[in-house]
Every structure is written in structure tokens, then in C-alpha cells.
Amino acid sequence: MSAPAELRELLLDRIADVPDYPKPGVMFKDITPLLADPVAFRALTSAFVDLCERFRVDKVVGLEARGFILAAPVAVAAEVGFVPVRKAGKLPGVTLGQAYDLEYGTAEIEVHADALAPGDRVLVIDDVLATGGTADASLQLIRRAGAEVAGVAVLLELGFLAGRQRLEPGLKGAPLEALITV
């Protein structure tokens, strides 16, 4: 799914390109101007709420850290639960962890062990789909908790990084919705 042209233009106009951040040669996509614009932020939230309704979700998972900012208001508006997926060591109590490969090394994400219940339909929300590693690890966590992956929704997909291809096997037929692909 791609956003309707009017929504796409509204959102793209409020995403700033920051060259050479966090390192030379990288063009960072800064969504903070979009978040600061209540019209654009509301439109983005509404688009994700529509996906919650279409996919009949019980909970949304927000991926650290900008996924939290996007998923929390979606959960409130859609009247579903919000579950943060964090970097390892950031959640108190009993957690489920999932390691995944980075370009150089590995990382791990965690979720509270009791945050997802068997049968929950879960939509993963994040700001950007880049290489797909974190999103793929979140799908594994959701399934290990006994919940069902209803789909993945992102504001922006960086198509040239092939994250969709990496994520495809882990989706197991669940949809991946990017409002904007560049």
C-alpha cells in the first residue's frame, strides 16, 4: 500500500533530509518536523489507525525508539493495547529476547514476557524500514509469545536497502504496508 498522493505529499514535505548523519555518506530521514506539525502527525496516525481496523488488531508493537512515538497514539485512537519492543536490558522484569544480525555484529531486542497473549493479533509499527533486521526480530518475538502477526506498517521504506526482501520470509504472508517508499 502506498499512501494516497495528498497524504504522501503532506508527509514527505515534513520529512527533512539530513546529509552525512550519523556518518558521512548517509542521508538521514528526520521525522521530527512531521511530528511537530499537528495536521501531518494526525494524518499519519489516522492512516495507521485505518490499518489497525482493516487488520482487526488487538495490540500494536512500537519498535524502539521512533516506533514508540508513532505507535502509542495509534493504540489510543484505535482503542488497542500498546507494547514497546526495546533494546536489550531496557525493560524491567521477565522478558523475551531476540538477537539479530547487524552489518558488523549483532543486537538484541526484548519485550515483556506477559505483554502479548496467545491469539493476540499484532501490528508492528515503525518509522522507517531500512534493512529489516529489527522488524524481522520483532516478528520472531511476537510469534514466540504465541501472538499472531497481523502485519507491519511503516511511514517510510528505503527500498534501495532491500529490507522488504529480508522481511518477506518472516512475514509468512502478513502484509507489509509502507505509506511512502523512496
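Refer to the preceding data block for the structure.
I will try to describe carefully the structure that is included in this document. Not measured: the values here are computed from a predicted model. (Residues numbered from 1 in each chain as written. Predicted model: local features only at pLDDT ≥ 70, side-chain atom pairs only at ≥ 80, totals over all residues. Heavy atoms only, no water.)

### What to know about the overall build of the protein
Here's step 1: Within the protein, the regular secondary structure consists of six helices and nine strands.
Here's step 2: For a compact globule of 182 residues, the expected C-alpha radius of gyration is about 16 Å, and the protein comes in at 16 Å, within 12% of that figure.
Here's step 3: Each of the 182 residues in the protein was classed as buried or not, and the buried ones make up 46%.
Here's step 4: When contacts within the protein are restricted to residue pairs at least 6 apart in sequence, those whose partners lie at least 24 apart make up 63%.
Here's step 5: As displayed, the protein offers around 8900 Å² of accessible surface, 55% of which is attributable to carbon and sulfur atoms. (Helix = DSSP H or I, 4+ residues; strand = E, 2+ residues; numbered from the N terminus. Rg over C-alpha atoms; globule rule 2.2 N^0.38 Å. Buried < 20%, exposed > 50% of the residue type's maximum accessible area, 1.4 Å probe, protein only. Contact = heavy atoms within 4.5 Å. Areas by Shrake-Rupley, 256 points an atom, 1.4 Å probe, with all protein chains shown as cover.)

### A look at the sheet that holds strand β6 (residues 105-112)
Hydrogen bonds along the backbone pair up the strands of a sheet, which may run parallel or antiparallel.
Here's step 1: Read from one edge of the open sheet, seven strands run β5-β6-β4-β3-β7-β8-β9, paired in mixed fashion. The open sheet has two edge strands, β5 (95-102) and β9 (176-181), and neither has a second partner. For this sheet the average axis-to-axis angle between neighbouring strands, irrespective of direction, equals 20°.
Here's step 2: Where helix α1 (residues 5-12) meets the sheet, its contacts fall on β8 (148-157) and β9, and the angle it forms with β9 comes to roughly 65°.
Here's step 3: On top of the sheet, helix α6 (residues 163-171) reaches β5, β7 (121-129), β8 and β9; it is set at about 165° to β9, its chief contact. (Pairing = 2+ DSSP bridges. Axes fitted to C-alpha atoms, helices over the stretch in contact; angles between N-to-C directions.)

### Here's the deal with the packing of aromatic side chains
Here's step 1: Per the stated rule, a full pass over the model turns up two aromatic pairs.
Here's step 2: Seen in terms of ring centroids, Tyr21 and Phe28 are 5.2 Å apart; in terms of plane orientation they differ by 80°. Their pairing is edge-to-face.
Here's step 3: Both rings, one in Phe68 and one in Phe82, keep their centres 6.4 Å apart while their planes meet at 85°; by these two values the pair is edge-to-face. Remark: Phe82 occurs in strand β4 (residues 81-87) and Phe68 occurs in helix α4 (residues 66-78); sequence separation between them is 14 residues.
Here's step 4: Of the residues examined, Phe82 reaches a relative accessible area of 31% and is grouped as partly exposed. (Phe/Tyr/Trp six-rings, centres within 6.5 Å; stacked < 30°, edge-to-face > 60°.)

### Some points on α4
Here's step 1: A rise of 1.5 Å per residue sets the reference length of α4, with its 13 residues, at 18 Å; its end C-alpha atoms lie 19 Å apart and thus fit the reference within 8%.
Here's step 2: Three or more residues of α4 are buried, namely Gly67, Leu70, Ala71, Val74, Ala75 and Ala78. The buried residues of α4 occupy an angular sector of 130° when projected down its axis, which confines them to one face.
Here's step 3: Those residues of α4 that are buried lie in contact with α2 (32-36), α3 (38-55), β3 (59-63), β4 and β7.
Here's step 4: One or two steps after α4, the chain reaches Glu79, where phi turns positive at roughly 60°. (Expected span 1.5 Å × (residues − 1). Arc of directions from axis to C-beta.)

### A look at α3
Here's step 1: In this model, α3 (18 residues) spans 26 Å end to end at C-alpha, consistent with the 26 Å of a helix rising 1.5 Å per residue.
Here's step 2: Every buried residue belonging to α3 is among Ala40, Leu44, Thr45, Ala47, Phe48, Val49, Leu51, Cys52 and Phe55, and all of these are buried.
Here's step 3: N-cap assignment for α3: the residue whose side-chain oxygen lies 2.9 Å from the backbone N of Val39 is Asp37.
Here's step 4: Within two residues after α3, Arg56 carries a phi angle of roughly 50°, on the positive side. (Polar contact = N/O pair within 3.5 Å; in protein donor to acceptor, adjacent residues only side chain to side chain.)

### Concerning the side chain of Asp136
Here's step 1: Tracing the backbone shows Asp136 in helix α5 (residues 133-144).
Here's step 2: As a buried residue without a salt bridge, Asp136 has its nearest oppositely charged side chain in Arg166, at a separation of 5.1 Å.
Here's step 3: Among residues more than four places away in sequence, those in contact with Asp136 are Leu167 and Gly170. (Lys, Arg positive; Asp, Glu negative; His and termini not counted. Salt bridge = Lys/Arg side-chain N within 4 Å of Asp/Glu carboxyl O.)

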